[in-house]
Structure formats: C-alpha cells, structure tokens
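# Structural description and commentary
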Amino acid sequence: MSNPVIRVENISKQYRIGVKQTRPDTLRDLVNAGVQRAGRLFKQGAHGGDESRDYIWALRDISFEVEQGQVLGIVGRNGAGKSTLLKILSRVTDPTLGFGEIHGRVGSLLEVGTGFHPELSGRENIYLNGAILGMRREEIDRKFDEIVAFSEVGKFIDTPVKRFSSGMYLRLAFAVAAHLEPEILVVDEVLAVGDAEFQQKCLGKMSDVAQEGRTVLFVSHNMSAILRLTQETIVLDQGKLVMRAPTPQAVDHYLNMGLTKQGERYWDQAVHEEKAPAFIPVALRVLNPAGEVVDTVNAAEGFSIELEYQLTMDITGLRVGIYMMTTRGEFVFTSFDTDDPQYYEKYTIRTPGRYFSRCTIPPDLMNEGRYVLGVNASVYRIQRYFQDDKALTFTVDATGAPGMQWPEPRLGPVRPKLAWTIGEVEK
Amino acid sequence: MENKGHNNDPVPVIHLRPAKGWLGINFKELWRYRELIFFLTWRDIKVRYKQAVLGITWAVLQPILTVLILTVIFGVLLRTPSQGLPYPLFALSALLPWQLFATALQRSSISLVGNANLITKIYFPRLAIPLSTVFAALVDFAVSLIVLFVVMIYYQHYPGINTLWLPLIILLALLTALAVGLWLSALNVQYRDVQHMVPFIIQVWMYASPIVYPIETIPEGTWRLLYGLNPMVGVIQGFRWALLGTAQPDLTMLISIGVVVVLLVSGLYYFRRMEKTFADIV
C-alpha cells in the first residue's frame, strides 16, 4: 500500500476539565480569585496551567492510515473519542501530541446545518452554508438547482428557514453538505435524524461518494449503516484505538465490548429503581447439557438458558422470557416461559418466592457465532417488571452441526438439521 | 497549511500538529477564504435589519437622533465650543467615525462566542469572524455618511481636496476597532467577563475622545500628546480636518497611529496564539 491519503501517528488530545471551584467566602477571596484569574489570563497560552488532575486524555496515541478511496468506519461508545478524532482530522482543533498528514481537502459533515441562520431564506442559507463549508460562489451557483432538487424544499426556497419544518430544514442542510466535493469526506451521525426515506437517500448519496473514489470517514452508532457502507472499521474505546478490522469483525467486537462473557450474569441486588420491586432478577445463565455454566455451547448438543429471579408479591399473568439476538442486533427469536398453554394455566398466579425459568434450545438449531440474550418479565399489556436487552452474550460452536463437511461459513443465525429427501423424478 | 477552495488545484497536503506559539498570519489562506468573509459580512448586515420595519434606515436614524441629543445638551445648554463650526455639524463629523469604531468594536468582541457553533465544527481561519463584523460596521457607516453630506450641504460646508485623505482615516478607525476587537474577542472566548465590560469601555472611551468637545480643550504639549495615546483622537482629528478643514493633524495623530500599530500587532499575535484553543474552550 503505497500512498495513504490520511496518516496519523500517535495523535493524542488532552482536554481541560472543569477546575473545581470553591465558593469564595468573602469578598476578599473573590477579589483574590479574580486577581489570580487575571494573572492566569496572560500567562496561559495553548498549554495552560500544569495541574495534571484537571486534565483528561480524550485521545491517546491514535495511529492509522487510510488509503485513497477507502470508506473507513469509526465506532465507539459515547465519549470514546470519535468526535474528537474527527475534529482533529478536520482541523477544528489541534492535537496535543502527535502529528498527521492529510493529502486533500477535508469536507466535514459534523452535524449538518452548521452556520444556518434561521432568519435567512433557504436560498440565502445555501450560499452562506456553502461558503462556510468551503465551496466557492461559482460552485454553489452551478450546483444550486441540484441542491434545491435534492432537498425537496421546492417553492419554500425563499422562505426564512425558521419557518421550515425540522424535516425540511434538515434536508436542505444535508443537501448542501452532500454537494461538497472534497477529496476526503468526514461524516458524523447525520443519519440519526430525518425520516426513513430521507435516510435512505442520504445513504445512497454516501455510497455514490464512495464509488467516485473519494475517501470517506464514517462515524455512526447505526451498525447496519456502518456494515453497508464500510469495508473496514476502527473501534475506539476510552480514547484508544482498540481494533482495526474488516467491518463485520469490528462491529462484533464493538457490540461485545463491556458485556459479560463468562456465561453467567448476576444482577446487583442493591441497585433497584423502585423501593420494593415485585420482580427481582438474580441471574441469567447459559448451560451445557451437563448443567455446567459455560460461555461456549455446542450447537449439535443443544443447551439451555436459565433465568433465576425472586418475587416479592403475588403476580397474576407473569411471563418471563428471553430474546435471542445476533451481536449485530438482529432478532433470532423471542420465547416466554408461559407460551405453552399448559403452563399458562398452571402459573396464572405466582406467589412470592424464588423461581427459575429454564428453556432448552434443541440440538442442531443455532448456527455458529456470538449471540446476545435479552430478558423480559412482564404481564401482557399491564406492566413490565424487568427488561435488559443485553443481559448476556455467549458463543455457539458449530462442531458437528449439519453440513460441516464443507468448511465454509453458513449465512443466517440458525443452522437447523432439516429432513431432506432426495429422489429421482419418475419419467 | 494548504487548503484550497476550488477543485482544479493540485491536491493540498495538510499537516496536523500540536499548536505552537507564533505561527504568523497566513494571508494567503485568508485571501482564499475571502468569499467566506464576504458571506459572513453579508449575513451580519442582512440579519441585523431583518424584521425591522425601517430596515437599514436605522443606520441613518441613529446618528441623527444622537446628534440631536448632543446638540441640545452640549451645543445649546452647555455652549461647548465647536471649532467655529455649527454644533450639529461638529458633533456629527466625530460621531460617524466614532460609531463606526464603537459598532465594530462591540460586534467583534462578541463575534467569536456568537459563532461558537461554527468554530467548534468547521475549520476556517478564525480571523474571518472578527474581520467580517468590522466590515459589516463599514456598511452602516457608508449609509450614515449620507446624513453627514446632507448636513454639510445644509450648512454650506463643501468638502475640499483634503477629502481625499478620508479613506485612510476611515481605515485607521477600522484598524483601531479591529486591533481592540482581536484582543477582546479572543479574551471573551475564555472570560465572558469581557462582554459585560465592553459597553462600559465604549462609554468611557467616547468621553475620552474629542466628540462632544473640541480637541483644543486638552492643553497643548505633554497632555495633548498623552491624549493622542487614544487612537480615536487621531481618527476624529483627521476626520474633521479632511472634511471640514479644522486644524491640521499634528504629532498627536502620529502617536495615535503608533498606538494602533502596537495594538494591532499584539492583537494579531494574541489571537493567533489563542486561535488553536478556541474550539476547545469556547
């Protein structure tokens, strides 16, 4: 790989966090503090004071390269440093340490509509926003009609944008930004807003951009958008780059981060929102056929899932169930302990006490992969007692599953053993 | 740092590194962003008079009303000497450059904070922001000049050859506003106290400038020279001289120019130094 368009080495960014300010007791303290502040004002340059406890590292030693035409995803939790990284790459702020080199103009879509003024008309805002984003006047003139068409605001183009609906406002803003032609496009969470149809349109525009050979950095919490638009993704966690991998792998890693992995999940008994909850979850476990708590189960052997909980009062019509999801958030199935009418009758009222609800996943059902378990305890249409969508993750191993004579991975979360019949059609 | 605005240029290379000290003003880059400066100026003017029934007429009304008040108090009641000129003309000829300065100063000092949403999201030379507010003030000034010309015709005071100096004197007023505006806008990013101080600063500064009283009120010699440390003294003195033919600018003017240069260079320095941190602390 010869010519990276973006190369950053050991980029770090330190932020000053709010200095704890003690309240001045007297007017003299106040004046002294004022004098100190005034003194600091002149001494302080870009580097500020030196009390390290007032600082946090928002980014630490980030190094990576991006090739021409690559669409790189960036994922991480809130506060992981994604936005800071994009701000550094788009030169809004400088790194505290490290250096980087970018070949080409960087156009950023860090929140569309930057610089829009509510008092100005749609037309005026297109020019203003275009100039702010680095477009030349003739360039805007040339693309004006295209922008208006894309935004679908049509005849409202000469109305002040403060009278626009939020959807129109957003479409116009995105339309301007989408017509930028930088070599490198930085996109942050623009898809989080707008209706589904418009989101679709935005995604389409973005893949066009990528196909034109421009380099795109795409930050999103929307994993399906990341999976669709990027081939490779970096994962940030607490300011560090923890992984760079092909997108599906990176997304799996990101979704698994911070989740328990031992095959068992205990809920802290001390923490409850209500004072006296009726339903108290105790533990969720994945068990192999031998009844051992395991992180990895074998698809060919089957396994069971058990939720242990405590009831503090009578509950009528309670149902306790699990959701099984892939790490990308696709549902595999939902099942409740009183699905069976027999149990539904038997457990109409559950009295206070400690219970378990266990379900068995039959052999030869699941495909290999990592799965997320969600838990729900509720009375249908009356009350939800407990819900945790990401209670536990576990791995399914496919050794011995149907079709293992071919080592290729099989698509889909299930890999059932189905009854096939092969015969010759009679002539 | 290269970042070209149009597509036919060779691909620029941008370096990202920690901010360090005095980086110099990148005039080339500023020039490339001239359209942005233009649009920001245009926005300031446009927005200011939107939804005002009288619109840009306010730029004319404001000096007229102020001069009326000053004339009644200082001209009629206090009988302040006015260098042999009719008091309204005397006051107006100082009020215009003063309002240019005051408007530019007031707007530029809050400009960075007012545009925080831009600064935290998009890169462009930060100087574009205070610069555009100063230019916007110039538009108001140009409109209000009409008032001055009407009043001059009314008093049959016709401008002479010295009027040619006017652009330079206006430039001096703008540079003064820019110099102080750079300091205050950069300080205001970190210390919002500044924006509370600015109206007070402007008020004091106004009475420290020869607007309602003639410069001769200040005794000649050392006092007059010290007085010249206020750059607006030179501006107003020059403005009256160029248009109305009052006493020619003297050493005071040179001192004023010197002060502006010092303020401007240090202001640019301070601004550049703080520029890199604006996005983090604004």
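Residues numbered from 1 in each chain as written. Chains lettered and ligands numbered in written order. Predicted model: local features only at pLDDT ≥ 70, side-chain atom pairs only at ≥ 80, totals over all residues. Heavy atoms only, no water.

## A word on the overall build of chain A
- Along the backbone of chain A there are nine helices and 20 strands.
- Here chain A holds 427 residues, and the buried ones make up 48% of them.
- At a minimum sequence separation of 6, the contacts of chain A that also span at least 24 residues come to 71%.
- Split by element, the accessible area of chain A, about 22300 Å² in all, is 51% carbon and sulfur. (Helix = DSSP H or I, 4+ residues; strand = E, 2+ residues; numbered from the N terminus. Buried < 20%, exposed > 50% of the residue type's maximum accessible area, 1.4 Å probe, protein only. Contact = heavy atoms within 4.5 Å. Areas by Shrake-Rupley, 256 points an atom, 1.4 Å probe, with all protein chains shown as cover.)

## Description of the overall build of chain B
- Helix and strand counts for chain B come out as 11 helices and one strand.
- Counting all 282 residues of chain B, 54% fall into the buried class.
- Taking the contacts inside chain B whose residues are at least 6 apart along the sequence as the reference set, 78% of them involve residues at least 24 apart.
- Accessible surface for chain B amounts to roughly 12600 Å². Of this, 69% is attributable to carbon and sulfur atoms.

## Overview of the interface of chain A and chain B
- Facing the 55 residues of chain A at the interface are 49 residues of chain B.
- Of the roughly 4700 Å² buried between chain A and chain B, counting both surfaces, carbon and sulfur atoms make up 56%.
- The largest share of the area that chain A buries against chain B comes from Arg91(A), Arg105(A) and Arg136(A), three residues that together contribute 18% of it.
- Viewed at the interface, chain B and chain A are joined by three salt bridges.
- One salt bridge in this structure joins Glu124(A) and Lys46(B), with 2.8 Å as the shortest N-O distance.
- Between chain A and chain B we count seven residue pairs in polar contact (both at pLDDT 80 or more) in total. (Buried area = accessible area lost by both parts, 1.4 Å probe. Salt bridge = Lys/Arg side-chain N within 4 Å of Asp/Glu carboxyl O. Polar contact = N/O pair within 3.5 Å; in protein donor to acceptor, adjacent residues only side chain to side chain.)

## Comments concerning helix 11 (residues 251-281) of chain B
- With 31 residues, helix 11 of chain B extends 42 Å from end C-alpha to end C-alpha; this agrees with the ideal 45 Å at 1.5 Å per step.
- Most pronounced at Glu275(B), the bend in helix 11 of chain B amounts to some 50°. (Expected span 1.5 Å × (residues − 1). Bend = angle between axes of the 7 residues up to and from the residue.)

## Looking at the sheet that holds strand 15 (residues 318-326) of chain A
All names here are of chain A.
- Judged by pairing direction, the sheet is mixed, and its five strands sit side by side in the order 12-20-19-15-16 without closing on themselves. At either margin of the open sheet sits one strand with a lone partner, and together these are strand 12 (296-298) and strand 16 (331-336). The average undirected angle you get between the axes of adjacent strands in this sheet is 30°.
- Bridge count between strand 15 and strand 19 (residues 369-379): nine bridges; the pairing is antiparallel. Within strand 19, the position partnered with Val320 by the bridge is Ala377. (Pairing = 2+ DSSP bridges. Axes fitted to C-alpha atoms, helices over the stretch in contact; angles between N-to-C directions.)

## Regarding the packing of aromatic side chains
- Scanning the entire structure with this criterion turns up 21 aromatic pairs over all chains.
- Centre to centre, the rings of Phe141(B) and Phe239(B) are 6.2 Å apart; their planes meet at 65°, and the pair counts as edge-to-face. In this pair, Phe141(B) sits in helix 6 (residues 128-154) while Phe239(B) sits in helix 10 (residues 231-244), placing the two residues 98 residues apart along the sequence.
- The buried category is assigned to Phe239(B), whose relative accessible area is 1%.
- Taking the centre distance of 5.0 Å and the plane angle of 85° together, the rings of Tyr154(B) and Tyr155(B) count as edge-to-face.
- Given a relative accessible area of 64%, Tyr154(B) falls into the exposed group.
- Three or more aromatic residues joined by ring pairs form one cluster here, namely Tyr127(A), Phe144(A), Phe38(B), Phe39(B) and Trp42(B).
- Over the face of the ring belonging to Tyr123(B) we find Arg91(A), whose NZ or CZ atom lies 3.8 Å from the ring centre.
- Taking NZ or CZ as reference, Arg126(B) lies 4.9 Å from the ring centre of Phe124(B), over its face. (Phe/Tyr/Trp six-rings, centres within 6.5 Å; stacked < 30°, edge-to-face > 60°. Lys NZ or Arg CZ within 6 Å of the ring centre and 35° of its normal.)

## As for the packing of helix 6 of chain B against helix 7 (residues 166-190) of chain B
Residues and elements named next belong to chain B.
- At a minimum axis separation of 10 Å, helix 6 and helix 7 run at an interaxial angle of 145°. In terms of crossing hand, the pair formed by helix 6 and helix 7 is right-handed. Residues Pro130, Leu131, Val134, Leu138 and Phe141 of helix 6 form the contact with helix 7, whose own contacting residues are Ile170, Leu174, Leu178 and Leu182.
- A breakdown of the residues in the contact of helix 6 with helix 7 according to their chemical character gives nine nonpolar, no polar and no charged. (Left-handed = near helix turned anticlockwise from the far one by under 90°. Nonpolar A, V, L, I, M, F, W, Y, C, P; charged D, E, K, R; others polar.)

## A look at the confidence of the model for chain B
- Per-residue pLDDT for chain B has a mean of 86; in total, 94% of the residues score no lower than 70.
- As a predicted assembly, this complex carries a pTM of 0.68 together with an ipTM value of 0.79. (pLDDT = per-residue confidence, 0-100.)

## Details of helix 2 (residues 34-49) of chain B
- Taking 1.5 Å of rise per residue, 16 residues should cover 22 Å, and helix 2 of chain B covers 23 Å from first to last C-alpha, within 8% of that figure.
- Burial in helix 2 of chain B covers these residues: Leu36(B), Ile37(B), Phe39(B), Leu40(B), Thr41(B), Arg43(B), Asp44(B), Ile45(B) and Tyr49(B).
- Considering only its buried residues, helix 2 of chain B is in contact with helix 3 (122-132) and helix 4 (137-151) of chain A together with helix 1 (27-32), helix 3 (58-77), helix 5 (116-119) and helix 6 of chain B.
- Directly beyond the C-terminal end of helix 2 of chain B, a positive phi value near 60° is found at Gln51(B).

## Notes on the nonpolar core
- Membership of the largest hydrophobic core comes to 115 residues, with the highest contact counts inside it found for Ile126(A), Trp98(B), Leu148(B) and Phe239(B).
- Listed in part, the 31 residues of the second largest apolar core include Phe279(A), Val286(A), Val320(A) and Ala391(A). (Core = buried A, V, L, I, M, F, W, Y, C linked by side-chain atoms within 4.5 Å.)

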